[in-house]
Amino acid sequence: MAGLEFKSVYKSFGRTVVVEDLNLSIHDGELFVLLGPSGCGKSTILRLIAGLEYMDEGEIVIDGRVINNIAPKDRNVAMVFQNYALYPHMTIYDNLAFPLKVKKVSAEKIRGIVEKQASLLGLTELLERKPRTLSGGQRQRVALGRALVRDPSVFLFDEPLSNLDAKLRVSTRAEISRLQRTLEATMVYVTHDQEEALSLGDRIAILNEGRIQQIGTPEEIYDQPRNIFTASFVGSPKINLLEARIAEDRVKIGGNSGIPMADSWREALKDKTTDAIVIGIRPENIFYERKSGDDLAFQAEILHTEFAGDRHVIFCRLGESEIRVKSGKAAPSAEGEKMELFVNPQNCLLFDQKNEKRIL
Ligand code: ADP
Ligand code: MG
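Bear in mind that the values here come from a model prediction, so they are computed numbers and not experimental data.

Trainee: Help me out: how do you make sense of the layout of surface pockets in this one?
Mentor: Over the atoms, a rolling probe the size of a water molecule traces out where space has been left empty. Roughly 660 Å³ of internal volume is contained in the largest pocket. Taken together, 22 residues line the largest pocket, and the ones lying closest to its centre are Val77, Ala78, Met79, Pro99 and Arg150. For the lining of the largest pocket, the class distribution of residues is 16 nonpolar, 1 polar and 5 charged.

Structural data, given as structure tokens:
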């Protein structure tokens, strides 16, 4: 049985279609990430699950039960937001106890549950304090705890780490991942941060303008993107996308002589009517030296270099395109010079320039 299912869900605000024909099946015990740019409909989808918005069409099913007509408080979902939403005048203990008090749980039982969750989240020492005396990371842990005490069927996270600094984001992210595995909880986690999505998700759905672009494991999303949007949304530095034209034994990039044609490309392109493609190459897959016999060699001009700790990122010009290379300690040539670069055709993605779908 699926933990949570969307069946042809539509939602508009006035004339703006925000969620369009959403079909999605989230497994019981899965950490499922919705990843997409700001405004693509992520929060709206969570609010539909929580019952804070009505859908126009379709069904949402939790544990086999259609929840369309069930009141928000009876849906047994808990939401954690970016801005914590703690009660400032209450102690941490009372903040954690509040959802249980509302449900008329006995004081003794509440104490047991709160103390257990507080210890799970490392909040025991903080129970008598007020939210304003806590750091951002501690407050977010309290918000998490307040969701936990309710023991919901589904946890909903709406960009819960956006207000934390980089270091805390990483540690809180690990905490959420650990909790999810301990509790075997079903979680729907919304973010616009591709790194967060790749590191956290059992599976990811990529959203753009209210439509799912692709659903898959982080590896599938990164290595096998179905279209240009997905390819360019994950990965840092961004994937190189080179607009190219097929010209017999080469693919020409801008006015440049381009890249030699690989046999596998010729095979994949032979039934295509278009000769306008986009070649996608991740920056870590371009090298200064040949790695294998079938590598393709091409010339590029070095523009500038950035230090990235473990590597340098080298920006080069190839025809009219700029490409990023992230595979070596330092560039073997200086700015303004031409250098030879190598890529294996197996590490290249080919897209149709017109419909932006992947060909190979
Ligand atoms: P995200 O969380 O991905 O940034 P949202 O779900 O918040 O996106 O919003 C998606 C779109 O719906 C945006 O264009 C936003 O302006 C619009 N929207 C969201 N809520 C409302 C509302 N209550 N009334 C009108 N438009 C809304
Ligand atoms: Mg949002």
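Moving on, there is more to tell.
Trainee: Sorry, what's going on with the pairing of strand S12 (residues 250-253) here?
Mentor: Regular strands have side chains that alternate between both faces of the sheet. The alternating pattern of S12 places Val251 and Ile253 on a buried face and Arg250 and Lys252 on a face that is not buried. The pairing of strand S11 (residues 240-247) with S12 spans 4 bridges and is antiparallel. Note on S12: the bridge partner recorded for Ala244 is Ile253. Where S12 lies against strand S13 (residues 259-260), 2 bridges are found, and the strand directions are antiparallel. Of the residues in S13, the one forming a bridge with Arg250 is Pro260.

Trainee: Sorry, what's going on with the pairing of strand S16 (residues 296-307) here?
Mentor: Where S16 and strand S19 (residues 338-343) come together, 6 bridges link them in antiparallel fashion. Across the sheet, Gln299 pairs through a bridge with Glu340, a residue of S19. Where S16 lies against strand S17 (residues 312-318), 6 bridges are found, and the strand directions are antiparallel. Note on S17: the bridge partner recorded for Phe307 is His312. Joining the antiparallel neighbours S16 and S17 is a turn of 4 residues, in which Gly309 adopts a positive phi near 80°.

Trainee: Sorry, what's going on with the site of ligand 1 here?
Mentor: All residues adjacent to ligand 1 are Phe13, Val18, Pro37, Ser38, Gly39, Cys40, Gly41, Lys42, Ser43 and Thr44. One of the backbone N or O atoms of Gly39 is found 2.6 Å from an oxygen atom in ligand 1. Contacts to ligand 1 include Thr44, whose side-chain N or O atom sits 2.5 Å from an oxygen atom. Compared with its free state, where it exposes 570 Å², ligand 1 has 57% of that area covered by protein. Ranked by the residues each element gives to the shell around ligand 1, the list is headed by helix H1 (residues 42-50), at 3 residues. Class assignment of the residues belonging to the shell around ligand 1 gives a composition of 4 nonpolar, 5 polar and 1 charged.

Trainee: When you look at the packing of helix H2 (residues 92-102) against helix H4 (residues 136-148) in this model, what are you seeing that I'm missing?
Mentor: Packed helices, taken two at a time, are described by the angle their axes make and the gap between the axes. Where H2 meets H4, the closest approach of the two axes is 8 Å, and the angle between their N-to-C directions is 30°. Taken as axis vectors, H2 and H4 run roughly parallel relative to one another. Between H2 and H4 lies a crossing whose hand is right-handed. Residues Ile92, Asn95, Leu96 and Pro99 of H2 pack against Val142, Gly145 and Arg146 of H4. Residue classes in the contact of H2 with H4 are distributed as 4 nonpolar, 2 polar and 1 charged.

Trainee: Would you take a moment to explain the packing of aromatic side chains for this structure?
Mentor: Aromatic ring pairs are defined here through the distance separating the ring centres and the angle between the ring planes. The full count for this structure, using the stated rule, is 4 aromatic pairs. Taken together, a centroid distance of 5.6 Å and an interplanar angle of 35° make the contact between Phe157 and Tyr189 tilted. Of this pair, Phe157 sits in strand S7 (residues 154-158) while Tyr189 sits in strand S8 (residues 186-191), and the two are 32 residues apart along the sequence. Both residues of the pair, Phe157 and Tyr189, count as buried. By way of ring pairs, the aromatic residues Phe155, Phe157 and Tyr189 are connected into one cluster. Its end group placed over the ring of Tyr222, Arg282 keeps NZ or CZ at 3.9 Å from the ring centre.

Trainee: Would you mind showing me how to read the sheet that holds S16 here?
Mentor: Within a sheet, adjacent strands bond to each other through the backbone by hydrogen bonds, running parallel or antiparallel. On the basis of which strands lie adjacent, the open sheet formed by 5 strands has the order S15-S19-S16-S17-S18 and antiparallel pairing. Each edge of the open sheet is held by one strand with a lone partner, namely strand S15 (286-287) and strand S18 (321-328). With 2 bridges connecting them, S15 and S19 associate as antiparallel partners. Bridge pairing in S19 places Phe287 opposite Phe342.

Definitions and limits used
Residues numbered from 1 in each chain as written. Chains lettered and ligands numbered in written order. Predicted model: local features only at pLDDT ≥ 70, side-chain atom pairs only at ≥ 80, totals over all residues. Heavy atoms only, no water. 1 Å grid on protein atoms, 1.4 Å probe; cavity = no way out; pocket = protein on both sides within 12 Å on 5 of 7 lines; lining within 4 Å. Points joined across faces, edges and corners; volume = space filled by probe spheres on them. Nonpolar A, V, L, I, M, F, W, Y, C, P; charged D, E, K, R; others polar. Buried < 20%, exposed > 50% of the residue type's maximum accessible area, 1.4 Å probe, protein only. Helix = DSSP H or I, 4+ residues; strand = E, 2+ residues; numbered from the N terminus. Pairing = 2+ DSSP bridges. Near = heavy atom within 4 Å. Polar contact = N/O pair within 3.5 Å; in protein donor to acceptor, adjacent residues only side chain to side chain. Areas by Shrake-Rupley, 256 points an atom, 1.4 Å probe, with all protein chains shown as cover. Axes fitted to C-alpha atoms, helices over the stretch in contact; angles between N-to-C directions. Parallel < 35°, antiparallel > 145°, perpendicular 65-115°, else oblique. Left-handed = near helix turned anticlockwise from the far one by under 90°. Contact = heavy atoms within 4.5 Å. Phe/Tyr/Trp six-rings, centres within 6.5 Å; stacked < 30°, edge-to-face > 60°. Lys NZ or Arg CZ within 6 Å of the ring centre and 35° of its normal.

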